[in-house]
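# Breakdown of the fold
The lines below spell out each chain.
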Amino acid sequence: MTATPLRPPLLLLQHSWQRYRQAPVLLAGWALGWMLLGQLMALLPLPIWLQFGASLLCFSWASAGLIDLAQRQSPLTLASLWLPLRRAPWPLLLLPLLVGTLVALASLAFVLPGVVLLLAWSLALPLLLDRGGEAWDAMARSAQLVVRRRQQVLVPLLLLWGLTLLALGIGWWLLGLWLPLAAFLLQALYSSTKA
């Protein structure tokens, strides 16, 4: 047996790591800042659904800046990380709330539907940043792309989400350190499906 099924994810990881090494302090600081903001929001006396929504927004906006930076291959600056939030604030506000809420509800029914929806909508954020449009459109295009390229993307997406959940389980600070690399990996995976 050869190790060919692991070759594409390892190449994506190598490319993403090279990009991450260009400015690790800036990237980790960006992600950790958003994760800290999410944690601080959890300390406010808000209903649980508002805390959940605020955490989703912080995670999504941190990822959006990183994915947009990876898509455009622009210089690694703090100003470039804010671009997607200025360009498309409403879809970026709606997308994490839709995906997070629907995946959570599907997971309450049974874990497998939640995992399936999470995998199907994994490329929605890179699609939204790349092509624009509305949140529902990005979710639909993501599901179509994942189904069409399932042999290429399912294993890397499962590894990516598994490692992200592991980092989240250990602590928000580890998730903040992992998030830049995960965003670059997701963008590289999305770029490989367009070819």
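Our subject is the structure listed above.
In short, a report on the structure. (Residues numbered from 1 in each chain as written. Predicted model: local features only at pLDDT ≥ 70, side-chain atom pairs only at ≥ 80, totals over all residues. Heavy atoms only, no water.)

This brings us to the overall build of the protein. Along the protein, the regular secondary structure elements total 10 helices and zero strands. Seen in sequence order, the protein has helices and strands lined up from the N terminus as α-α-α-α-α-α-α-α-α-α. Taking 2.2 N^0.38 as the reference for a compact globule, 195 residues should give roughly 16 Å; the C-alpha atoms of the protein span a radius of gyration of 16 Å, in line with that estimate. Principal axes of the C-alpha set define a box for the protein whose edges measure 55 × 40 × 35 Å. By residue count, 45% of the 195 residues in the protein fall in the buried class. In the protein, the share of contacts with a sequence separation of at least 24, taken over all contacts with a separation of at least 6, comes to 70%. As displayed, the protein has an accessible area near 10,500 Å², and 73% of this comes from carbon and sulfur atoms. Counting 12 positive and 4 negative side-chain charges, the protein places the centres of these two groups 11 Å from one another. (Helix = DSSP H or I, 4+ residues; strand = E, 2+ residues; numbered from the N terminus. Rg over C-alpha atoms; globule rule 2.2 N^0.38 Å. Buried < 20%, exposed > 50% of the residue type's maximum accessible area, 1.4 Å probe, protein only. Contact = heavy atoms within 4.5 Å. Areas by Shrake-Rupley, 256 points an atom, 1.4 Å probe, with all protein chains shown as cover. Lys, Arg positive; Asp, Glu negative; His and termini not counted. Charge placed at Lys NZ, Arg CZ, Asp CG, Glu CD.)

Turning our attention to the nonpolar core. Judged by nonpolar contacts, the single largest core of 55 residues is most densely connected at Leu-95, Leu-157 and Trp-178. No other element matches helix H10 (residues 172-194), which puts 12 residues into this core. (Core = buried A, V, L, I, M, F, W, Y, C linked by side-chain atoms within 4.5 Å.)

Checked against the element boundaries, Leu-159 lands in helix H9 (residues 150-170). Taking the C-alpha atoms as reference points, Leu-159 and Ala-62, 97 residues apart in sequence, are found 20 Å from one another.

The description of an aromatic ring pair uses the distance of the two centres, along with the angle that the planes make with each other. Inspection of every chain in the model, using the stated rule, returns three aromatic pairs. Measuring from ring centre to ring centre gives 5.8 Å for Trp-30 and Trp-34, while their planes differ by 70 degrees; the resulting arrangement is edge-to-face. With a gap of four residues between them, Trp-30 and Trp-34 both fall in helix H2 (residues 24-43), about one helical turn apart. For the pair Trp-30 and Trp-34, a shared accessibility class is recorded, and that class is buried. (Phe/Tyr/Trp six-rings, centres within 6.5 Å; stacked < 30°, edge-to-face > 60°.)

Its volume calculated, the largest pocket comes out at about 1,100 Å³. As for the largest pocket, its lining consists of 42 residues, of which Leu-56, Phe-59, Leu-118, Trp-161 and Thr-164 are closest to the centre. Elements represented by at least two residues in the lining of the largest pocket include exactly H2, helix H3 (48-72), helix H5 (89-109), helix H6 (111-120), helix H7 (124-131), H9 and H10. For the lining of the largest pocket, the element with the highest residue contribution is H3, accounting for eight residues. Along the lines of polarity and charge, the residues of the lining of the largest pocket split into 30 nonpolar, 12 polar and no charged. (1 Å grid on protein atoms, 1.4 Å probe; cavity = no way out; pocket = protein on both sides within 12 Å on 5 of 7 lines; lining within 4 Å. Points joined across faces, edges and corners; volume = space filled by probe spheres on them. Nonpolar A, V, L, I, M, F, W, Y, C, P; charged D, E, K, R; others polar.)

Turning to the packing of H3 against H5, a few remarks are in order. At a closest axis distance of 9 Å, the pairing of H3 and H5 adopts a crossing angle of 125 degrees. Judged by the angle between their axes, H3 and H5 are oblique. Read as a crossing pair, H3 and H5 show a hand that is right-handed. Where H3 abuts H5, its residues Phe-52, Gly-53, Leu-56, Leu-57, Ser-60, Trp-61 and Ala-64 lie against Leu-92, Leu-93, Pro-96, Leu-97, Gly-100, Thr-101 and Ala-104. Of the residues in the contact of H3 with H5, the class split is 10 nonpolar, four polar and no charged. (Axes fitted to C-alpha atoms, helices over the stretch in contact; angles between N-to-C directions. Parallel < 35°, antiparallel > 145°, perpendicular 65-115°, else oblique. Left-handed = near helix turned anticlockwise from the far one by under 90°.)

Let us look at the packing of H2 against helix H4 (residues 78-87). Axis separation between H2 and H4 bottoms out at 10 Å; the angle between their running directions is 45 degrees. In terms of axis orientation, H2 runs oblique to H4. H4 is crossed by H2, and the crossing has right-handed handedness. Contacts between H2 and H4 involve Leu-26, Trp-30 and Trp-34 from the former and Leu-78, Leu-81, Trp-82 and Leu-85 from the latter.

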